[in-house]
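# Observations on the model geometry
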Amino acid sequence: MTLGEKIQKHRKEKSMSQEELAALLGVSRQAVSKWELNDTIPDTENVIQLGKILEVSLDYLLKPERETPDEGGDTATAGNVTAGSF
């Protein structure tokens, strides 16, 4: 699953529109759309914020082989990032 697919999946699970997510991040709705379509990728700060908002780990968001947020591996969440978490 791609980063864009994960963003879209978890945004929808939270019943959040692209516009609502964009407002929380301080970006345009078009930016969120481009991320979900894998046309562009969010910058580091936005990835961290996405993890917090969507309540998933950065490890899950950034690793394509991680299909579910609770698969084994790094369990650091975006709100609990420490040195060496990546």
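Residues numbered from 1 in each chain as written. Predicted model: local features only at pLDDT ≥ 70, side-chain atom pairs only at ≥ 80, totals over all residues. Heavy atoms only, no water.

## Points about the environment of Leu54
Looking at where Leu54 falls in the secondary structure, it is placed in helix α4 (residues 44-54). Using a relative accessible area of 3% as the deciding quantity, one classes Leu54 as buried. Separated by 44 residues in the primary sequence, Leu54 and His10 place their C-alpha atoms 6.0 Å from one another. (Helix = DSSP H or I, 4+ residues; strand = E, 2+ residues; numbered from the N terminus. Buried < 20%, exposed > 50% of the residue type's maximum accessible area, 1.4 Å probe, protein only.)

## A closer look at the nonpolar core
The biggest cluster of nonpolar side chains holds 17 residues, and the ones touching the most others in it are Ile7, Leu21, Leu25, Trp35, Leu50, Ile53 and Leu61. Elements with a minimum of two residues in this core: α1 (3-13), α2 (18-25), α3 (29-36), α4 and α5 (58-62). With four residues, α4 is the single largest residue contributor to this core. When sequence neighbours within four positions are dropped, the list of residues in contact with Leu61 reads Leu3, Lys6, Val47, Leu50, Gly51 and Val56. (Core = buried A, V, L, I, M, F, W, Y, C linked by side-chain atoms within 4.5 Å. Contact = heavy atoms within 4.5 Å.)

## Some words on unusual backbone geometry
Even without glycine at this site, Asn38 takes up a positive phi of about 60°. By the secondary structure assignment, Asn38 is in the loop between α3 and α4. Even without glycine at this site, Glu55 takes up a positive phi of about 60°. Looking at the element boundaries, Glu55 is found in the loop between α4 and α5. Among the residues examined, Glu55 registers a relative accessible area of 62% and is labelled exposed.

## Brief notes about the packing of aromatic side chains
Under the criterion given, the structure shown has zero aromatic pairs. Stacked on the ring of Tyr60, the Lys or Arg Lys6 has its end atom at 4.6 Å from the ring centre. (Phe/Tyr/Trp six-rings, centres within 6.5 Å; stacked < 30°, edge-to-face > 60°. Lys NZ or Arg CZ within 6 Å of the ring centre and 35° of its normal.)

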